[in-house]
Protein chains: 2
Amino acid sequence: MGLRKSTLEEVAAAAGVSKMTASRALRGAPDVSAETRQRVLEATELLGYVGNRLALSLSSQKTNLVAVVVPSMSNIVFPEVLAGISAGLEGSGMQAVFGLTDYDARKERDVIRDMLSWRPSAIVVTGLDQPEDTVKMLRSADVPVIQIMDLDGTPIDFNVGLSHGKAGEEMARALIAAGRKRFGYIGSALERDLRAAKRKAGFERVLHENHLSFIGQRLGDTLSSVGLGKYLTHQLLRAEPNLDCIYYSNDDMAVGGAFAGLEASRSGEILMAGFNGLDLAAALPLRIATSKSPLRMIGEIAGRLARGSTAPNLPSTGKIIAFVPEITGVHQG
Amino acid sequence: MGLRKSTLEEVAAAAGVSKMTASRALRGAPDVSAETRQRVLEATELLGYVGNRLALSLSSQKTNLVAVVVPSMSNIVFPEVLAGISAGLEGSGMQAVFGLTDYDARKERDVIRDMLSWRPSAIVVTGLDQPEDTVKMLRSADVPVIQIMDLDGTPIDFNVGLSHGKAGEEMARALIAAGRKRFGYIGSALERDLRAAKRKAGFERVLHENHLSFIGQRLGDTLSSVGLGKYLTHQLLRAEPNLDCIYYSNDDMAVGGAFAGLEASRSGEILMAGFNGLDLAAALPLRIATSKSPLRMIGEIAGRLARGSTAPNLPSTGKIIAFVPEITGVHQG
DNA sequence: CTTGTTACCGATACCGGTATCGATAACACC
DNA sequence: GGTGTTATCGATACCGGTATCGGTAACAAG
């Protein structure tokens, strides 16, 4: 059991052949006799040889890396997408590499630059709102760029997701159709979570079309969480007791809101609407309304695009894959 | 704006210097005149040059990679740990690379082998229960190995986590001290989630010491989730209506259980106990008992160990960093 | 015996950087 | 003028693989 990582050269020496022959044997290339191949495999086993991908990738000018850049891991949304990407890559020999931006554009640029320095065979980034210099960097990287989650903007290359503006609009229409009239809004950190801001803007557009507006709103400045949603809902309900519907920036916040409603003994009256369609929300004893965003599917398709395989059964063709979220849990009030 | 990735050679040519001088200029090495450095930087900007880490790492025999191998992303536990690792690595120039095992030992071995082929400067793996061949591979890799989450076993090198056996024991003691007598258990996929199995075993040890045992239990075979916890709890409560306490494999399941209790109008009576101390559970309108596992902290310390910096204020010294989970939410019954 | 074919293998160049050592020029000093 | 010192730069080797081409031995065919 060698303590230092052994090289192909050493394996070859142990097998009594040249480096080149050892390389061929390990890759299952032709032009190697069965006996020689056997000896090389034994030497490999003996030395615990593990190939060096750095050398392989440098030499072959190819990597099996897919760079994935997401804002955060602090709620279940992005992990779900990442799991989807991993699943979409499964069996391709490709490996996803994740980088976090903390919803910070500068950090995003640095992370992307760092990722590109590994010469990945594809890069997946979240959203369409990268600043110009970041876009320029991605464009000149000569790598397939897959922008996920959002559709509202101009994609660089591939684009998988849904229109958050429309998602907000549709939710507003559904709630108005269900007879809701007195709306509140609760969200957080909208200057960073641009997709949540787009949903809110879409929602408000439809409210205005119907000569309505948010009666009251509360905006937190930390990232969304169940606890924050609960806290802000208590606040908002104290200030505006006669709301009959609250739109939240996402399901985490809405679930918190539902708990707050429960604690305030006002469960049935006020309809809480979120976004994402988390499993958690489905298991809740309280009904919240939500738009089901196909997080895992978005990840899987991104993964399949990254591996370059033709993805079957896509909801639309071409380089833009659009989903329309299904709205559930809206009931008359 | 070059479409193909440019090389240092090209940058050097554009600046009218040799490759070597360009390399020095970009790394801020000495022996470069201010004027030359300026010309190189301009050429870099012009060509949109992004260094090639493959070449750099191969040449320097060093990578900035930290390999991280976790079982899953489907609940918030591991994302939380990953976020901690990222935070612990912040500012070090190191980059975490994640691989998923789906709680499958064979897949774990393959993922670890694949990770090692990138010659990471450290590798973080989940748990201490790797099969012998995997351990051998890690041992001979000549890389710091950091095993996280669990302490019950023999570590290869560094070890950060807590004893899940003891966590189960302590929870049982606390519940018994609070007057609970009729215990049930609900979990899932224990043959894969070995840490949950250890907690259960610890819990049962203390039950037996007190001449008690689980009156009834339900084991799912899919991964834990809020929905599954709710479903199994309904089942168990029908079969064993006189339970006064249920121990769950984790908080996800326990939260589902709490919801089930709510739906069955038996909220106050039965104490549900989980594990992890998720934020979600804290925001719940219902009290569940839990052991707070410092997930993010475990990740951060693993990250700090990986970057090789001395981590200040560690709860213990040496290569084993042990945490003791805090139990909350246990009330008399 | 010569020639051609096939199977197997090795020598060499290269991927894109960095380490190392040596070269050159400018300048100071004796 | 000869010599030493310093600042700046380039040529070369190397990291650990793979692509490519050429070489050798064995054997069959003429």
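Cut-offs applied
Residues numbered from 1 in each chain as written. Chains lettered and ligands numbered in written order. Predicted model: local features only at pLDDT ≥ 70, side-chain atom pairs only at ≥ 80, totals over all residues. Heavy atoms only, no water. Near = heavy atom within 4 Å. Polar contact = N/O pair within 3.5 Å; in protein donor to acceptor, adjacent residues only side chain to side chain. Helix = DSSP H or I, 4+ residues; strand = E, 2+ residues; numbered from the N terminus. Domains from an automatic or database assignment. Least-squares fit on C-alpha atoms with pLDDT ≥ 70 in both. Contact = heavy atoms within 4.5 Å. Axes fitted to C-alpha atoms, helices over the stretch in contact; angles between N-to-C directions. Parallel < 35°, antiparallel > 145°, perpendicular 65-115°, else oblique. Nonpolar A, V, L, I, M, F, W, Y, C, P; charged D, E, K, R; others polar. Buried area = accessible area lost by both parts, 1.4 Å probe. Salt bridge = Lys/Arg side-chain N within 4 Å of Asp/Glu carboxyl O. Buried < 20%, exposed > 50% of the residue type's maximum accessible area, 1.4 Å probe, protein only. Pairing = 2+ DSSP bridges. Right-handed = clockwise from strand over helix to strand, strands pointing away. Expected span 1.5 Å × (residues − 1).

Draft legend 1. Summary view of the protein's contact with DNA strand C. Taken together, 23 residues surround DNA strand C, and among them Thr21, Arg24 and Thr36 of chain A together with Leu8 and Ser23 of chain B come closest. The share of sugar and phosphate among atoms of DNA strand C within 4 Å of the protein is 60%. In this structure, a phosphate oxygen belonging to DNA strand C sits 2.8 Å away from a side-chain N or O atom of Arg27 of chain B. If you list the elements that add at least two residues to the surface near DNA strand C, you get α2 (19–27) and α4 (53–60) of chain A together with α2 (19–27) and α4 (53–60) of chain B. Of all the elements, α2 of chain B adds the most residues to the surface near DNA strand C, at 5 residues.

Draft legend 2. How the structure looks around the domain arrangement of chain A. Parsing chain A into structural domains produces domain 1 (8–51), domain 2 (65–162 + 296–324) and domain 3 (164–292). One C-alpha centre belongs to domain 1 of chain A, the other to domain 2 of chain A, and the line joining them spans 38 Å.

Draft legend 3. Here's a closer look at the relation of the copies chain A and chain B. The two copies are related by a screw motion: chain A maps onto chain B through a turn of 180° and a shift of 0.0 Å along the axis, at an RMSD of 0.1 Å. A rotation of that kind, with that shift, is consistent with a two-fold axis. Looking at chain A, 100% of its interface residues are interface residues in chain B too, so the copies touch through the same face.

Draft legend 4. Quick look at the packing of helix α6 (residues 105–116) of chain B against helix α7 (residues 132–139) of chain B. Residues and elements named next belong to chain B. Direction vectors running N to C along α6 and α7 enclose 10°, while the axes themselves pass 10 Å from each other. If you check the angle between α6 and α7, you find them roughly parallel. Only Asp133, Thr134, Met137 and Leu138 of α7 make contact with α6, whose side of the interface consists of Arg109, Ile112, Arg113 and Leu116. Considering only residue class, the contact of α6 with α7 consists of 4 nonpolar, 1 polar and 3 charged.

Draft legend 5. Just the interface of chain A and chain B, in detail. With 54 residues of chain A in contact, the opposing surface of chain B contributes 54 residues. Interface area for chain A against chain B, summed over the two sides, is near 4900 Å², with a carbon-plus-sulfur share of 65%. Counting across the interface, chain A meets chain B through 4 salt bridges. Note that Lys107 of chain A is salt-bridged to Glu90 of chain B, the shortest N-O span being 3.0 Å. Seen at the junction of chain A and chain B, the total is 14 residue pairs in polar contact (both at pLDDT 80 or more). Secondary structure elements with two or more residues in the side of chain A that touches chain B: α4, α5 (77–89), β2 (95–100), α6 (105–116), α10 (226–239), α11 (251–263) and α12 (279–283) of chain A. The element that contributes the greatest number of residues to the side of chain A that touches chain B is β2 of chain A, accounting for 6 residues. Of the residues in the side of chain A that touches chain B, the class split is 27 nonpolar, 15 polar and 12 charged.

Draft legend 6. How the structure looks around the pattern of salt bridges. Residues and elements named next belong to chain A. Counting across every chain of the model gives 32 salt bridges over all chains. Here Asp150 makes a salt bridge to Lys198, at a shortest N to O gap of 2.3 Å. Of this pair, Asp150 sits in strand β4 (residues 145–150) while Lys198 sits in helix α9 (residues 194–209), and the two are 48 residues apart along the sequence. The exposure class of Asp150 is buried, given its relative accessible area of 0%. Connected through shared salt-bridge partners, Glu169, Glu170, Arg173 and Arg205 make up one network.

Draft legend 7. Quick peek at the packing of α2 of chain B against helix α3 (residues 34–47) of chain B. Residues and elements named next belong to chain B. For the pair α2 and α3, interaxial distance at closest approach is 9 Å and the crossing angle is 90°. The angle between α2 and α3 falls in the class roughly perpendicular. Every residue of α3 that contacts α2 at Thr21, Ala22, Arg24, Ala25 and Leu26 is listed here: Thr36, Arg37, Val40, Leu41 and Thr44. The class makeup of the residues in the contact of α2 with α3 is 5 nonpolar, 3 polar and 2 charged.

Draft legend 8. Up close: the environment of Thr328 of chain B. Looking at where Thr328 of chain B falls in the secondary structure, it is placed in strand β12 (residues 326–328). If we ignore the near neighbours within four places in the chain, the residues touching Thr328 of chain B are Ile288, Ala289, Thr290 and Lys292 of chain B.

Draft legend 9. Here's a closer look at the protein's contact with DNA strand D. Near DNA strand D there are 23 residues, and of these Leu8 and Ser23 of chain A together with Ser18, Thr21 and Thr36 of chain B occur at the shortest range. Of what DNA strand D places within 4 Å of the protein, 59% of the atoms are sugar or phosphate. One of the side-chain nitrogen or oxygen atoms of Ser23 of chain A is found 2.2 Å away from a phosphate oxygen of DNA strand D. Within the backbone of Ser33 of chain B, an N or O atom sits 2.9 Å from a phosphate oxygen of DNA strand D. Sort the elements by how many residues they give to the surface near DNA strand D and α2 of chain A lands first, with 5 residues. Grouping the constituent residues of the surface near DNA strand D by class yields 8 nonpolar, 10 polar and 5 charged.

Draft legend 10. Quick look at the sheet that holds β2 of chain A. Residues and elements named next belong to chain A. Pairing is parallel in the open sheet, where 6 strands are placed in the order β2-β1-β3-β4-β5-β11. If you trace the sheet from one side to the other, it starts and ends with β2 and β11 (320–323), each paired once. Ignoring which end each strand starts from, the neighbouring axes of this sheet average 15° apart. Looking at chain direction, strand β3 (residues 122–126) and β4 are connected through 4 bridges and run parallel. Counterpart to Thr126 in the pairing with β4 is Ile148. Where helix α13 (residues 295–307) meets the sheet, its contacts fall on β1 (65–70), β3, β4, β5 (158–162) and β11, and the angle it forms with β4 comes to roughly 170°.

Draft legend 11. Seen up close, the pairing of strand β2 (residues 95–100) of chain B. All names here are of chain B. Counting buried residues along β2, 6 of its 6 residues qualify, which places the element largely inside the surrounding structure. Both faces of β2 are covered, namely the face carrying Gln95, Val97 and Gly99 and the face carrying Ala96, Phe98 and Leu100. The β-α-β motif built from strand β1 (residues 65–70), the intervening helix α5 (residues 77–89) and the parallel element β2 has right-handed crossover chirality.

Draft legend 12. Layout of the side chain of Asn276 of chain A. Along the chain, Asn276 of chain A falls in the loop between β9 (271–273) and α12. In this structure, Asn276 of chain A is in contact with Val77, Asn250, Asp251, Thr290, Ser291, Lys292, Ser293 and Leu295 of chain A, ignoring residues within four places of it in sequence.

Draft legend 13. Fine view of α11 of chain A. Residue and element names in this part refer to chain A. The end-to-end C-alpha distance of α11, which contains 13 residues, comes to 18 Å, matching closely the 18 Å that a straight helix rising 1.5 Å per residue would cover. Of all 13 residues in α11, 11 are buried; the element is thus mostly enclosed. Taken residue by residue, α11 has Asp251, Asp252, Met253, Ala254, Val255, Gly256, Gly257, Ala258, Phe259, Ala260 and Gly261 as its buried positions. Looking at where α11 begins, the residue whose side-chain oxygen comes 3.0 Å from the main-chain nitrogen of Asp252 is Asn250. Ser265 occupies a position one or two residues after α11 and carries a positive phi of about 55°.

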